[in-house]
Amino acid sequence: MIHKIAPTHPRASSLIIREKLVDGFKNGIVVPHGLIAHGRGEAFDYLLGERTTKYAYEAEKAAVCLLLLSKKSIISVNGNTAALCARDLVTLSNVTKSRIEVNLFHKSVARSNTIARILKKEDAFDVLGLDDKSKMMIKDISSNRKYVDKNGIMNSDTIFVALEDGDRTESLVKKGKKVISVDLNPLSRTAIASNITIVDNIVRVIPNMIKISEQLVKKDKYYLLQLINNFDNKENIHKSLLMIKEGI
Ligand code: ATP
Ligand code: MG
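Residues numbered from 1 in each chain as written. Chains lettered and ligands numbered in written order. Predicted model: local features only at pLDDT ≥ 70, side-chain atom pairs only at ≥ 80, totals over all residues. Heavy atoms only, no water.

1. Details of the overall build of the protein chain
Of regular secondary structure, the protein chain possesses 10 helices and 8 strands. Against the compact-globule benchmark of 18 Å for 248 residues, the protein chain has a radius of gyration of 17 Å, which places it among compact chains. Its C-alpha atoms give the protein chain principal-axis dimensions of roughly 45 × 45 × 35 Å. Looking at the 248 residues of the protein chain, the share that counts as buried comes to 50%. Across the protein chain, the fraction of contacts at a sequence separation of at least 24, relative to all contacts at a separation of at least 6, is 64%. Accessible surface for the protein chain amounts to roughly 12,400 Å². Of this, 54% is attributable to carbon and sulfur atoms. Positive and negative charge centroids in the protein chain, built from 39 and 28 side chains respectively, lie 3 Å apart. (Helix = DSSP H or I, 4+ residues; strand = E, 2+ residues; numbered from the N terminus. Rg over C-alpha atoms; globule rule 2.2 N^0.38 Å. Buried < 20%, exposed > 50% of the residue type's maximum accessible area, 1.4 Å probe, protein only. Contact = heavy atoms within 4.5 Å. Areas by Shrake-Rupley, 256 points an atom, 1.4 Å probe, with all protein chains shown as cover. Lys, Arg positive; Asp, Glu negative; His and termini not counted. Charge placed at Lys NZ, Arg CZ, Asp CG, Glu CD.)

Okay, here's the thing in structure tokens:
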């Protein structure tokens, strides 16, 4: 399907993303709700000019520092993110030494296994969130996001999420965990509650973060700490919101 979109089409990159999600839907990775959630993100991306703003880039840099400084970091993968950037997510997990957990809002064993298979095909070392024996429940969450892997998200100090639900972000932060989120909507509860909020499209975020990681992995701990200390998440979200306003 993807090859049918002419690269010269003015909306090519946006249409390719749609095709990937439609393919993911047909392959049992993406749920219909995921397609709708993408629509909300796409509208914000349109207003941002479908590019990484300098504020998003700053947040991506701070996020890499946090992943590199964390003792146990984990990347939470859902249907949309697997359909859009499975290979890049695996690369990011390798360069930042983060584990990967499949965690779905609309739970299904078959879908989790399909996503895990795709990640493993892309050379993921191990994928958590599949074993019922290590499943744990976060008490104050009503959605299926409450189920996490006790060796994964539950046991991590930093959690990287995208297209996440506000309930769980708030709950994880309350538990003292650091949450990095990717959300094109700077007004969502996820965006507001996260420690680091990246207002950018996941398809640009992950390749950017891989490049940044390759540079920052050579830096010492104090350099990374200083970069994080100089990052103000609330201010950064506000700046992204102003960019959207300008887009309008
Ligand atoms: P919250 O529960 O945090 O208030 P929400 O319920 O409004 O959020 P969801 O329906 O859970 O939002 O959708 C997930 C979010 O993911 C949306 O805010 C949307 O902007 C964002 N999103 C969708 N596609 C992408 C993408 N490709 N890259 C980054 N963000 C995206
Ligand atoms: Mg929500």
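2. Quick notes on the sheet that holds strand S7 (residues 178-182)
Backbone hydrogen bonds are what pair the strands of a sheet, in a parallel or an antiparallel way. Spatially, the 6 strands line up as an open sheet ordered S3-S2-S1-S6-S7-S8, and their pairing is parallel. A single partner strand is all that each edge strand has here, and the edge strands are strand S3 (127-128) and strand S8 (196-198). Together, strand S6 (158-162), S7 and S8 form the strand contacts of helix H8 (residues 202-216), whose direction differs from that of S6 by roughly 145°. (Pairing = 2+ DSSP bridges. Axes fitted to C-alpha atoms, helices over the stretch in contact; angles between N-to-C directions.)

3. Things to note about the site of ligand 1
Looking at ligand 1, there are 18 residues lining it, with Gly166, Asp183, Arg189, Thr190 and Asn201 nearest. At 3.5 Å from an oxygen atom of ligand 1 is found a main-chain nitrogen or oxygen belonging to Gly41. Between Asn201 and ligand 1, the recorded distance is 2.9 Å, taken from a side-chain N or O atom to a nitrogen atom. Alone, ligand 1 offers 640 Å² of accessible surface; in the complex the protein occludes 87% of this. Counting atoms within 2 Å of the grid points, the majority share of ligand 1 lands in the largest pocket. Those elements that provide at least two residues to the shell around ligand 1 are helix H2 (32-48) and helix H7 (189-193). Top element by residues in the shell around ligand 1 is H2. It accounts for 4 residues. (Near = heavy atom within 4 Å. Polar contact = N/O pair within 3.5 Å; in protein donor to acceptor, adjacent residues only side chain to side chain. 1 Å grid on protein atoms, 1.4 Å probe; cavity = no way out; pocket = protein on both sides within 12 Å on 5 of 7 lines; lining within 4 Å. Sits in = over half its atoms within 2 Å of the grid points.)

4. Some details on the environment of Ala83
Along the polypeptide, Ala83 turns up in helix H4 (residues 79-95). The class of Ala83 is buried, set by a relative accessible area of 17%. The spacing of Ala83 and Gly28 is 55 residues in sequence and 9.9 Å in space, taken between C-alpha atoms. Beyond its immediate sequence surroundings of up to four residues, Ala83 is in contact with Lys20, Leu21, Gly24, Ile29 and Val30.

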